[in-house]
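The lines below spell out each chain.
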Amino acid sequence: MITGELKSQIDQIWNTFWTGGVTNTITIVEQLTYLIFIKDLDEKEIRNELKAKRGFTYTPIFTEDQQNFRWKNLKEMDVNARHQIFSNTVDGIFPFIRSLGKETSLFATHMKGATFGISKPSVLDQVIEKLGNIDMTHQDTKGDIYEYLLSKLEGGGTAGQFRTPRHIIKMMVELMQPTLEDIISDPSVGTAGFLVGTKEYIDKHNDVTLLDKYADHINRKMFNGTEFDATMLRIASMNLYLHGVEEPNIIDVDAVSKDNTIANEHTLILANPPFKGTIDKESISPGLKNVTDTSKTELLFLALMLRQLKTGGRAAVIVPDGVLFGSGKAYKSIREEIIANNKLEAVISMPSGVFKPYAGVSTAIIIFTKTGNGGTDNVWFYDMLADGKSLDDKRSLLVDEDLFTSFSFGNALETMDLETKQKLHSKFNLPQIIDHYHYYKSDFFKKMHAENGEVLQVSDLPENLGFNDFMSETITHNYSDRTSQSFLVPFKDIAANDWDLSINRYKEIVYEEVEYDAPNLILERIISLSKNRQELMTKLSKIN
């Protein structure tokens, strides 16, 4: 979890770039990432050197001729000499970075475009000094720093992309509960936020022995993604590297094009694909057009996910509201494919302010399982009204900052007691969303609720009904009540409504009855007021 002190230190480094004339946000993040990466390489080398004294055999990262590239030596150098090592495009530190990794690895491929972008020796000097004051000996610290840097990119791209806020990523990962057996993908990987969130979840929920057992799977097979922007490819690769994934499968390809042939490979997809992008119809993968004949990327990505998932694979995806209720043939066909031919589990409607100030688009999270033969029975709908921040352009925190940060980056969800979660609900719906969904998917649900979600009268011990595992409100909630935030809708209702998935189609609004006085009484008051007005005007006219 990022602390106030650590946050302040990173902000100071950020300001050093700005005052030194480096103002492009992506450039700052990329250059800082390179420096943290270089620092991390030296720390790794130091650890290996200490192990070597105890008989450990290793291949050095730095040769005898490359000792000047080590952080411990760089920080002691003359300002101009150091800058020259960074600026040297033939045998300086950046050609060295580009040579790292196995020649055939995707990491090495993406790093070929890494270049130095700090023109002033004084700026480099100040940044290195400030970075040197930060203790990065723990993997979590590096990850927290990097995630905080990426939070400054929390805005829109050029093809309808919007970086997903960290707390939304955390919620989606918690909803899906990834396991060590999973093969996880984000076909619109960006900076790898979803993959990193998944890696953190895996690390927290498994002991060291299991993590070691699955080390090769984690480093080479578990994390997958596609991206066509060279800068994002480098940032995603380094982000995952700094979170302990050595060789992620981040592929340089336009995900929905003919060049992407991935199919039936992944067991879990977490994604926030582009909303407003379009692609030339001639370059679209033919198999996707068979599912939804369109050039709209938000629809094509859903078809792509169904193709990439193995049977039984699951997905949690952010989509714009238009996908839920669009009346065009392409919209209806992708909804029908997910609902009728696979298994739609949930629709979580999010307020339009979630992506502000960068976009006011209304969105939802849909969760589905690839079956190929249907299976949708009831769909769980949730109307998220509060995500812990104000829904205006300021996005001010509405809950305690430490608690919110711990939820987003740390383990607040595990340590927060059930009573606190319920008290927070009016301003922070996310803990309840996770609680309701996990309860609905658990065996406890069928003990306490009918198929339509109504509460049953049950005589049993509280612990046998889930009261030790879930909020009491979650267990006693009536999931058939469509006036609430959380309710179930059966398959037949959705099919009858042309596969419409907008929450307003099914949510019932209770109008408060207001009683008004009889018209003759209202008329008498108007006449009385008019008479008083006339009398006052007569008095005023006599004053003149």
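Quick note: structure is the one above.
Being a predicted model, the structure only gives us computed values, none of them experimental.

Considering the packing of aromatic side chains
Tallied over the full model, the rule gives 19 aromatic pairs. Between the aromatic rings of F407 and F428, the centroid separation amounts to 5.1 Å while the plane-to-plane angle is 80 degrees, which identifies the pairing as edge-to-face. Highlighted residues: F407 in helix 18 (residues 401-409) and F428 in the loop between helix 20 (418-424) and helix 21 (430-441), separated in sequence by 21 residues. One exposure class covers both F407 and F428, and it is buried. Taken together, the ring pairs connect Y439, Y440, F444, F445, F470 and Y479 into an aromatic cluster.

Digging into the pattern of salt bridges
Applying the stated criterion across every chain yields a total of 20 salt bridges. Linking D498 and K332 is a salt bridge whose minimum nitrogen-to-oxygen distance equals 2.8 Å. With a gap of 166 residues between them, D498 in the loop between helix 24 (491-496) and helix 25 (503-506) and K332 in helix 17 (residues 329-340) connect regions that are remote in the sequence. In this structure K332 comes out as partly exposed when scored by relative accessible area, which is 26%. Between D493 and R482 there is a salt bridge whose closest N-O contact spans 2.9 Å. A residue pair is termed long-range when its members are at least 10 positions apart, and D493 in helix 24 and R482 in the loop between helix 23 (472-476) and strand 9 (486-490) qualify at 11 residues. You can call R482 buried: its relative accessible area is 16%. Each of D42, E49 and R70 takes part in salt bridges that share partners, so that together they form one network.

Some points on a nonpolar patch on the surface
Judged by side-chain polarity, I522, L523, I526 and I527 come together as a nonpolar surface patch covering roughly 370 Å² of accessible area. Along the chain, I526 turns up in helix 26 (residues 519-543).

Concerning unusual backbone geometry
Of note in this structure, A192 is not a glycine but carries a positive phi near 75 degrees. With respect to the element layout, A192 can be found in the loop between strand 1 (184-186) and helix 10 (193-204). Owing to a relative accessible area of 0%, A192 belongs among the buried residues under this scheme. Phi is positive for D498, close to 60 degrees, though the residue is something other than glycine.

Notes on the packing of helix 9 (residues 166-176) against helix 21
For any two helices packed against each other, the geometry comes down to the angle between their axes and how far apart the axes lie. One can describe the packing of helix 9 onto helix 21 by two numbers: an axis separation of 10 Å at closest approach and a directional angle of 15 degrees. The pairing of helix 9 with helix 21 is recorded here as roughly parallel in orientation. Considering the relative orientation of helix 9 and helix 21, their crossing is right-handed. Mapping the contact onto sequence places H167, I168, M171, E174 and L175 in helix 9 and L430, I433, I434, Y437 and H438 in helix 21.

Thoughts on the pairing of strand 7 (residues 363-369)
Here strand 7 lies mainly inside the structure; seven of its seven residues are buried. Along strand 7, one buried face is formed by T363, I365, I367 and T369 and the opposite face, lined by A364, I366 and F368, is buried too. Judged from the seven bridges that link them, strand 5 (residues 309-320) and strand 7 form a sheet pairing that is antiparallel. From the neighbouring strand, P320 faces strand 7, where its bridge partner is T363. Where strand 6 (residues 343-350) and strand 7 come together, seven bridges link them in antiparallel fashion. The residue of strand 7 that forms the bridge with V347 is I366.

Structural notes on the sheet that holds strand 9
Pairing within the open sheet is mixed, and its nine strands lie in the order 3-2-1-4-5-7-6-8-9. The open sheet has two edge strands with one neighbour each: strand 3 (249-252) and strand 9. Put simply, the sheet's adjacent strands are angled 15 degrees from each other on average, direction ignored. Pairing of strand 6 with strand 8 (residues 378-383) involves four bridges; the strand directions are parallel. Bridge pairing in strand 8 places I348 opposite Y382. Here helix 15 (residues 297-308) sits on the sheet and contacts strand 1, strand 4 (266-271), strand 5 and strand 7; the angle it forms with strand 5, its principal contact strand, is near 160 degrees.

Some words on the nonpolar core
Counting 62 residues, the largest nonpolar core has M171, M172, I318, I365 and W380 as its most contacted members. A total of seven residues in this core trace back to one element, the largest contributor, which is helix 9. The residues touching I365, leaving out its near neighbours within four places in the chain, are I168, M171, M172, V317, I318, A346, V347, I348 and M350. Among the nonpolar cores identified, the runner-up in size contains 48 residues, and L35, I93, F116 and I145 belong to it.

Scoring rules and cut-offs
Residues numbered from 1 in each chain as written. Predicted model: local features only at pLDDT ≥ 70, side-chain atom pairs only at ≥ 80, totals over all residues. Heavy atoms only, no water. Phe/Tyr/Trp six-rings, centres within 6.5 Å; stacked < 30°, edge-to-face > 60°. Helix = DSSP H or I, 4+ residues; strand = E, 2+ residues; numbered from the N terminus. Buried < 20%, exposed > 50% of the residue type's maximum accessible area, 1.4 Å probe, protein only. Salt bridge = Lys/Arg side-chain N within 4 Å of Asp/Glu carboxyl O. Patch = residues over 30% accessible without salt bridge, like charges linked within 9 Å, V, L, I, M, F, W, Y side chains within 5 Å. Areas by Shrake-Rupley, 256 points an atom, 1.4 Å probe, with all protein chains shown as cover. Axes fitted to C-alpha atoms, helices over the stretch in contact; angles between N-to-C directions. Parallel < 35°, antiparallel > 145°, perpendicular 65-115°, else oblique. Left-handed = near helix turned anticlockwise from the far one by under 90°. Contact = heavy atoms within 4.5 Å. Pairing = 2+ DSSP bridges. Core = buried A, V, L, I, M, F, W, Y, C linked by side-chain atoms within 4.5 Å.

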